[in-house]
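Structural description and commentary
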Amino acid sequence: MNAAMNKHQTNVAVIGATAPSFSLDMCLGIRDGLKANGADARFFPINDRTNYHDLLEYYAEIKLSGDSFSIIDINGSVLEALPKSIPVKNKFSWIIDHPVFHLERIRRYDGEMILGFVDMIHMADLGGLGIEWESIFLPHGGPAPDPAPLPMESRDIDILFCGNISHLLVGSEFNLRIEGLPEKLATLVRESIEVVLAEHTPPFRTLRTVGEGHSVDLLDSFSLAEVEGACSLIKDFITAVRRLEALKAVSHLDVEMIGKLPDGVDAKAIFGTNSRIRFHGYKPFDELTEMMKRTKIIFNMNPVLVGGSHERIWQAMAKGCVVATNESLFMRECFDDGKNVIISGNDYGSFAERLAVGLEDPAGLEDMAAGAAGIYVRDHTWKSRGKDILAVL
């Protein structure tokens, strides 16, 4: 290995994947945030077998040193506790979507573990899943801000929207997914979708509540795979509907959309012939972040993550963009809507009007971005998240 163990530092192995690129970016951000707080943190790619020997060598080095270390992974990817001869202090697993999708892995781990959640609502749902691990709320983080971001008047992209519109909005695709569920569960899913659309409630919690209304306990009545499939269907459908609604509302503005539409869908039929949305399809993460440097307003719409933040929010703030995002308890706690961010609420028409007014005032957008940057640097970079992680290791 490239450096000897330092007994005066906290030793941390960040273990994760190199693909997709946002996952690698997150792992490297965690590593750098820990190092910025004095830890000896190293990243090991578990999906690249050519580098797997580095992790084994690290384990051997730890064992010889007599020191201990901690593991950090994403979504419980390190499945088994290491042999007792390797002195693992504990494992911190960062769960970046709802724990129901990772329940089997979380349950299987038999060592010491702390769970971090990017969404406070997801963390609150642990009790209903029978999980008793120590847990903390830890939103996504982001990189250090660009030292000299482009001024708003020099940015040629008015609004940048990032996200796919799921093919579930095509009726045959939805029917195919729901027909794969047990009939009773399919009925609960249909009812839950109606509730979420009407009341803007969280998908898993809604499904569980709807089930209770029919005297059905999800985890007792269905397999874990079936419950995961049901939650995934609700989440994906709701996300697609909300993104489509929001895009329709802003289609009269100059919007660059990075993401996929359902195959065979005619954009003009959805958004009208006068739409000013330009569709770019998929772009790699590094190209997306380069586009952010030229963007006035980043439009983030992830409506099933309302108790936390998406990584795109922090990436955009680091690039000097104004962030416009979906309704979020967390973002309302940390920022002032209309002062340093723009939060959509549930009225996308009024939201679109606010974006249009903002674009007419580049100086106002500059002030908004600067105000958000101060809060971001203080509380939400990877350095801040690294400090929070070390506090619980």
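As a reminder, the structure under discussion sits directly above these lines.
The rules behind each value
Starting afresh in each chain, residues are numbered from 1 along the sequence in its written order. Local features in a predicted model are, by the rule used here, given only for residues with pLDDT of at least 70; side-chain atom pairs are given and counted only at 80 or more, and totals for whole chains, interfaces and linings are based on all residues. The basis for the side-chain values is all heavy atoms of the structure; hydrogens and waters are excluded. Helix and strand assignments follow DSSP, with helices taken as H or I runs no shorter than four residues and strands as E runs no shorter than two, numbered in order from the N terminus. Any helix carries an expected span of 1.5 Å times its number of residues minus one. Burial here depends on accessible area, computed with a 1.4 Å probe over protein chains only, as a share of the maximum for the residue type. Under 20% is buried, over 50% is exposed, and the range in between is partly exposed. Within this analysis, the arc is defined by the directions that extend from the helix axis to the C-beta atoms. Throughout this description, a polar contact denotes any pair of N or O atoms lying within 3.5 Å of each other; where both atoms belong to protein, one of them has to be capable of donating a hydrogen while the other can accept it, and for residues adjacent in sequence the pair is counted only when both atoms sit in side chains. Only heavy atoms enter the contact rule, under which two residues are in contact if any of them lie within 4.5 Å. Residues are said to line a cavity or pocket when one of their atoms sits within 4 Å of a point; the points come from a 1 Å grid over protein atoms alone, cavities being sets where a 1.4 Å probe fits but cannot get out and pockets being open sets with protein on both sides within 12 Å along at least five of seven lines. Grid points are joined across faces, edges and corners, and a volume is the space filled by probe spheres set on the points. Here, nonpolar core refers to any group of buried Ala, Val, Leu, Ile, Met, Phe, Trp, Tyr and Cys residues whose side-chain atoms link them within 4.5 Å. Whenever a carboxyl oxygen of Asp or Glu lies within 4 Å of a side-chain nitrogen of Lys or Arg, that contact is scored as a salt bridge.

In a regular helix each residue adds 1.5 Å, so 17 residues correspond to 24 Å; helix α6 (residues 183–199) covers 24 Å between its end C-alpha atoms and thus fits that length. Turning to α6, its buried residues are L185, A186, L188, V189, S192, I193 and V196. For α6, the buried positions fall inside an angular range of 155 degrees around the axis, keeping them on one side. Every exposed residue of α6 that faces more than 90 degrees away from the buried side is listed here: E183, K184, E194, A198 and E199. Directly after α6, the chain includes H200, whose backbone phi takes a positive value near 60 degrees.

Turning next to the side chain of H310. With respect to the element layout, H310 can be found in the loop between β10 (295–300) and α12 (311–318). Judged by relative accessible area, which is 11%, H310 ranks as buried. Polar contacts involving the side chain of H310 include one to the main-chain amide nitrogen of R312, which spans 3.1 Å. Excluding residues that lie within four positions of it along the chain, H310 makes contacts with H140, N300, N302 and L305.

A few words now on empty space enclosed by the protein. Across all of its chains, the model carries two cavities of 30 Å³ or more by this definition. Roughly 50 Å³ of internal volume is contained in the largest cavity. Every residue lining the largest cavity is listed: F22, D25, M26, H140, G141, F285, E311, Q315 and W382. Of all the secondary-structure elements, those providing two or more residues to the lining of the largest cavity are α1 (21–36) and α12.

If you look at the biggest cluster of nonpolar residues, it comprises 38 residues, and the most contacted ones within it are L115, L181, L188, V189, L207 and L218. Top contributing element to this core by residue count: helix α9 (residues 224–250), with nine residues. Setting aside residues up to four positions removed in sequence, L181 forms contacts with A186, V189, E226, G229, A230 and L233. With 30 residues, the next largest nonpolar core counts A246, L253, V322 and A352 among its residues.

So, about the pattern of salt bridges. For the structure shown, the criterion picks out 18 salt bridges. The residue R294 makes a salt bridge to D156 at a minimum N-O spacing of 2.8 Å. Residue R294 is located in the loop between α11 (285–292) and β10, and its partner D156 is located in the loop between β6 (134–137) and β7 (157–162); the two are separated by 138 residues in the primary sequence. Two residues, R378 and D379, come together in a salt bridge whose shortest N-O distance is 2.8 Å. In this structure D379 comes out as partly exposed when scored by relative accessible area, which is 29%. Connected via shared salt-bridge partners are E327, R332, D337 and R354.

As far as function goes, none of this settles anything; it's purely spatial.
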